[in-house]
Amino acid sequence: MISFSEIETTTKRASKAAGFSWGVAEEIGKSIRSLELFGLPGIINLNQYLKKIKKKHPKKITKIEKENKTDDKELCPIYSGVAFLDRCLELEKLKSLKFYNVSYPLLMLPFISRASEIMSKKILVQFTLTKSVKLRGYLYIPNQWDKFLEGSYYHQKSKNEVRVANAIWDLKDILQEFDVGSKMNFEFSFNPNTVNIF
């Protein structure tokens, strides 16, 4: 069985061989280690992405805008993630950021996670409330987000705990005040773990 240290070292070397600088390769190594630690397929995604860019190395992103697009077909998840992480404190004034057509977006998740820790920021989950979600009282979320959000969160208004583990649970009473078709916002904060629902 390969250790997490070996994963970091191997992915760092592979990224350097694929044309990334040593500094960026080190960030990639840390990110893939983080994904694998959470049980997410970081190695597989990186391997497929490095094969994809073998003949044409992606454009480096130097600036993060409110809306991020590229003249190329797709944004590089690594350069996008590194730029986002490097400038995360400057980006605090922006209420939202959009990245269009990111190739292998899972590779960008660890950079976003680390930036949220640096800024002590919140993670916002948005969805439209359906009849079935309101009746059953829980909401399935994508696996990659579940791994980062897993835990218990205190909901001040209802004085209830909301659990995240493969889904967002314990919502039945909370959702009664909202109409089917409403745009729902779940704002998760950390240290302490709280959730604001509006």
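Structure: above.
Presented here is an overview of the structure given in this document. Please read all numbers here as calculations on a predicted model, not as lab measurements.

**A look at the nonpolar core**
And then number 1: Phe-20, Val-24, Ile-28, Ile-32, Leu-46 and Ile-78 are the most contacted members of the largest nonpolar core, which totals 32 residues.
And then number 2: Elements with a contribution of two residues or more to this core: helix H2 (22-37), helix H3 (42-52), helix H4 (77-86) and helix H5 (109-119).
And then number 3: With six residues, H4 is the largest single contributor of residues to this core.
And then number 4: Counting 21 residues, the second-largest nonpolar core is a separate cluster that includes Ile-123, Ile-141, Val-162 and Val-195.

**A look at the packing of aromatic side chains**
The geometry of two aromatic rings is summed up by the distance between their centres and the angle between their planes.
And then number 1: The full count for this structure, using the stated rule, is seven aromatic pairs.
And then number 2: Ring centres of Phe-84 and Phe-99 lie 6.3 Å apart, and the angle between their planes is 75°; this geometry places the pair in the edge-to-face category. A residue pair is termed long-range when its members are at least 10 positions apart, and Phe-84 in helix H4 and Phe-99 in strand E2 (residues 98-99) qualify at 15 residues.
And then number 3: Since its relative accessible area comes to 9%, Phe-84 is described here as buried.
And then number 4: The side chain of Lys-69 reaches across the aromatic face of Tyr-100, ending 4.8 Å from its centre.
And then number 5: Positioned over the ring face of Tyr-138 is Arg-136, at 4.9 Å from the centre of the ring.

**A look at the pairing of strand E3 (residues 123-128)**
The two faces of the sheet receive side chains in turn, since in a regular strand these alternate between them.
And then number 1: Side chains Ile-123, Val-125 and Phe-127 of E3 all project onto a buried face; the interleaved residues Leu-124, Gln-126 and Thr-128 project onto a face where none is buried.
And then number 2: Sheet topology note: the E3/strand E8 (residues 183-189) ladder contains six bridges and is antiparallel. Note on E8: the bridge partner recorded for Ile-123 is Phe-188.

**Digging into the side chain of Ser-80**
And then number 1: As for its position among the elements, Ser-80 is in helix H4.
And then number 2: Aside from chain neighbours lying at most four places away, what touches Ser-80 is Ile-61, Ile-64, Leu-75, Phe-99 and Met-108.

**Structural notes on the packing of H2 against H3**
Helix-helix packing: each pair is described by the crossing angle between the helix axes and the interaxial distance.
And then number 1: It is at 8 Å that the axes of H2 and H3 come closest, and there the two elements cross at 140°. Considering their axes alone, H2 and H3 lie oblique with respect to each other. Together, Ile-28, Ile-32, Leu-35 and Glu-36 of H2 and Gly-42, Ile-43 and Leu-46 of H3 make up the contact between the two elements.
And then number 2: Among the residues forming the contact of H2 with H3, the class breakdown is five nonpolar, one polar and one charged.

**A word on H3**
And then number 1: Where H3 is concerned, the buried positions are Gly-42, Asn-45, Leu-46, Tyr-49 and Leu-50. Angular distribution of buried residues about the axis of H3 spans 130°; they occupy a single face of the element. Projecting away from the buried face of H3 at angles above 90 degrees are the exposed residues Ile-44 and Lys-51.
And then number 2: Among the structural elements, helix H1 (4-17), H2 and H4 are those in contact with the buried residues of H3.

**Regarding H4**
And then number 1: Most of H4 sits inside the fold, with nine of its ten residues counted as buried.
And then number 2: Among the residues making up H4, those that are buried are Pro-77, Ile-78, Tyr-79, Ser-80, Gly-81, Val-82, Ala-83, Phe-84 and Leu-85.
And then number 3: Along its buried surface, H4 packs onto H2, H3, E2 and H5.

**With respect to the pattern of salt bridges**
And then number 1: Inspection of every chain in the model, using the stated rule, returns seven salt bridges.
And then number 2: The salt bridge partner of Glu-74 is Lys-52, with a shortest N-O separation of 2.5 Å. Of this pair, Glu-74 sits in the loop between strand E1 (67-68) and H4 while Lys-52 sits in helix H3; the two residues are 22 residues apart in sequence, bridging distant segments of the chain.
And then number 3: The exposure class of Lys-52 is partly exposed, given its relative accessible area of 43%.
And then number 4: Close ionic contact of Asp-170 with Arg-163 constitutes a salt bridge, the shortest N to O distance being 2.8 Å.
And then number 5: The exposure class assigned to Arg-163 is partly exposed, which follows from its relative accessible area of 38%.

**Considerations on a nonpolar patch on the surface**
And then number 1: Together, Phe-4, Leu-37 and Phe-38 give the surface a local cluster of nonpolar side chains, amounting to about 270 Å² of exposed area.
And then number 2: Tracing the sequence through the fold places Leu-37 in helix H2.

Thresholds applied
- Along each chain, residue indices are assigned from 1 in the same order as the chain's sequence is written.
- Note on the predicted model: pLDDT of at least 70 is required for a residue's local features to be given, and 80 or more for side-chain atom pairs to be given and counted; whole-chain, interface and lining totals, by contrast, use all residues.
- No hydrogens and no water enter the side-chain calculation; it runs on all heavy atoms of the structure.
- Throughout this description, the term nonpolar core refers to a set of buried Ala, Val, Leu, Ile, Met, Phe, Trp, Tyr and Cys residues connected via side-chain atoms within 4.5 Å.
- Residue exposure (1.4 Å probe, protein chains only): buried if accessible area is under 20% of the type maximum, exposed if over 50%, otherwise partly exposed.
- Where helices and strands are cited, they refer to DSSP runs of H or I of at least four residues and of E of at least two residues respectively, numbered from the N terminus.
- Between 30 and 60 degrees the pair is tilted, below 30 it is stacked and above 60 it is edge-to-face, where a pair is any two Phe, Tyr or Trp rings, Trp via its six-membered ring, whose centres lie within 6.5 Å.
- The rule is short: NZ of Lys or CZ of Arg within 6 Å of the ring centre and within 35 degrees of the ring normal puts a charge over the ring.
- In this analysis, strands are considered paired if DSSP registers two or more bridges between them.
- We call two residues in contact when some of their heavy atoms are within 4.5 Å.
- Interaxial angle, 0 to 180 degrees, is taken between N-to-C directions of lines fitted to C-alpha atoms, where a helix line uses only the stretch in contact.
- Each angle receives one of four descriptions, namely roughly parallel if under 35 degrees, roughly antiparallel if over 145, roughly perpendicular if within 65 to 115, and oblique otherwise.
- In the scheme used here, Gly and all other residues not listed as nonpolar or charged are polar, with Ala, Val, Leu, Ile, Met, Phe, Trp, Tyr, Cys and Pro taken as nonpolar and Asp, Glu, Lys and Arg as charged.
- An arc is given here, and it is the one of the directions from the helix axis to the C-beta atoms.
- Only one rule defines a salt bridge in this text: a Lys or Arg side-chain nitrogen within 4 Å of an Asp or Glu carboxyl oxygen.
- Here, patches come from residues exposed beyond 30% relative accessible area and free of salt bridges, joined within 9 Å for like charges and within 5 Å for nonpolar side chains (Val, Leu, Ile, Met, Phe, Trp, Tyr).
- With residues, only the protein chains shown are counted as cover, and all accessible areas are computed by Shrake-Rupley using a 1.4 Å probe.

In short, shape yes, function no, at least from these values alone.
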